[in-house]
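Fold and geometry: a report
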Amino acid sequence: ETGVTQSPTHLIKTRGQQVTLRCSSQSGHNTVSWYQQALGQGPQFIFQYYREEENGRGNFPPRFSGLQFPNYSSELNVNALELDDSALYLCASRGLGDRQYTEAFFGQGTRLTVV
Amino acid sequence: AQSVTQPDIHITVSEGASLELRCNYSYGATPYLFWYVQSPGQGLQLLLKYFSGDTLVQGIKGFEAEFKRSQSSFNLRKPSVHWSDAAEYFCAVGGSRGFGNEKLTFGTGTRLTIIP
């Protein structure tokens, strides 16, 4: 149990729709990252938020966007869903203090299916 | 650019036998290295990590890994596997180049099957 919780657990959407996924970070963690894991693949980095600002982004189009709130929880928004967006979306939190590197703790993920 | 290669897609091991999962990385500086385990439909659980210091690191569930800079490797080992170790294993490299570069780059994973 990592203390990172994601909702919903499963979701089915239609192509072209928009979706919002949510993540509550572990207590004391101020940094949240999102990853996309397609079936049979390793997770791919989407972006990271530190103290409510995006401070790192992977190779994903602008229709993938996010937010981080003052309590450090986070949302991942995907617009204009495509079939290839079907994947497990993982949220990871870490505590960054004095810019020291710490390990990331992952939630259980949200399984998104686009039909 | 950082990258991770896990050359073995699928490994089958008998219960009680030893295990070694291979991981090779590419990174332009001293890397931060991780092994995660994932059960079907679940998130990732951290097994162990290497940041600096002793190149042989111990993790949870009896796993260990050795960082070999000369070989750009970080192989995972366990002396005696249990049926509950059946899962997908991911090696990852994390950025050590400062703030805003903490993203993890994962390998494609190795699926471990345990036979009685």
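Since the model is a prediction, treat every value here as computed from it, not as a measurement.

The rules behind the values
Counting starts from 1 at the beginning of each chain's written sequence and moves along it residue by residue. A letter from A marks each chain and a number from 1 marks each ligand, given out in the order of writing. Totals for whole chains, interfaces and linings use every residue, but because this is a predicted model, local features are given only for residues with pLDDT of at least 70 and side-chain atom pairs only at 80 or more, for both listing and counting. The basis for every side-chain value is the complete set of non-hydrogen atoms in the structure, without hydrogens or water. Only buried residues count toward a nonpolar core. Its members are Ala, Val, Leu, Ile, Met, Phe, Trp, Tyr and Cys residues joined through side-chain atoms within 4.5 Å. We call a residue buried when its accessible area falls under 20% of the maximum for its residue type, exposed when it is over 50%, and partly exposed in between, using a 1.4 Å probe and counting protein chains only. Segments assigned H or I by DSSP are reported as helices when at least four residues long, segments assigned E as strands when at least two residues long, and all are numbered from the N terminus. Residue contacts follow a heavy-atom distance rule, with two residues in contact if any of their heavy atoms lie within 4.5 Å. At least two bridges found by DSSP between two strands is the condition for calling them paired. Any pair of cysteine sulfurs within 2.5 Å is marked as a disulfide.

1. Overview of the nonpolar core
Counting 27 residues, the largest nonpolar core has B:Leu19, B:Trp35, B:Leu47, B:Leu48, B:Phe74, B:Leu76 and B:Tyr89 as its most contacted members. The greatest single-element share of this core, amounting to 4 residues, is contributed by strand S10 (residues 87–94) of chain B. Apart from the residues lying within four places of it in its own chain, the contact partners of B:Tyr89 are B:Gln6, B:Leu21, B:Trp35, B:Tyr36, B:Val37, B:Leu47, B:Phe63, B:Leu76, B:Gly109, B:Thr110 and B:Leu112. Counting 20 residues, the second largest nonpolar core, distinct from the first, contains A:Val19, A:Val32, A:Leu81 and A:Cys91.

2. Looking at the pairing of strand S3 (residues 19–24) of chain A
Residues and elements named next belong to chain A. The sheet contact formed by strand S1 (residues 5–7) and S3 spans 3 bridges and is antiparallel. Note that in S3 the partner of Ser-7 across the bridge is Arg-22. Here 5 bridges tie S3 to strand S8 (residues 74–78), and the two strands are oriented antiparallel to one another. Residue pairing across strands places Thr-20 opposite Asn-77, the latter belonging to S8.

3. Here's the deal with the pairing of strand S7 (residues 64–68) of chain A
All names here are of chain A. Of the two faces of S7, the one holding Phe-64, Gly-66 and Gln-68 is buried and the one holding Ser-65 and Leu-67 is not buried anywhere. With 5 bridges joining them, S7 and S8 adopt antiparallel strand pairing. Across the sheet, Phe-64 pairs through a bridge with Val-78, a residue of S8. Counted along the chain from S7 to the antiparallel partner S8, the turn is 5 residues long, and its residue Tyr-72 has a positive phi close to 75 degrees.

4. Examining the state of the cysteines
Evaluation of the coordinates by the stated rule reveals 2 disulfides over all chains. Covalently, A:Cys23 is tied to A:Cys91 through a disulfide, its sulfur atoms 1.8 Å apart. When the S-S torsion is -60 degrees, as for the bridge of A:Cys23 with A:Cys91, the disulfide is left-handed. Of this pair, A:Cys23 sits in strand S3 while A:Cys91 sits in strand S9 (residues 87–94), and the two are 68 residues apart along the sequence. Given the relative accessible area of 2%, A:Cys23 is considered buried. The exposure class assigned to A:Cys91 is buried, which follows from its relative accessible area of 0%. A sulfur-sulfur distance of 2.0 Å marks the disulfide that ties B:Cys23 to B:Cys91. Torsion about the S-S bond of the B:Cys23 and B:Cys91 cystine: about -65 degrees, corresponding to left-handed handedness. Here B:Cys91 lies in strand S10 and B:Cys23 lies in the loop between strand S3 (19–21) and strand S4 (24–26), a separation of 68 residues in the sequence. Judged on exposure class, the residue B:Cys23 and its partner B:Cys91 are both buried.

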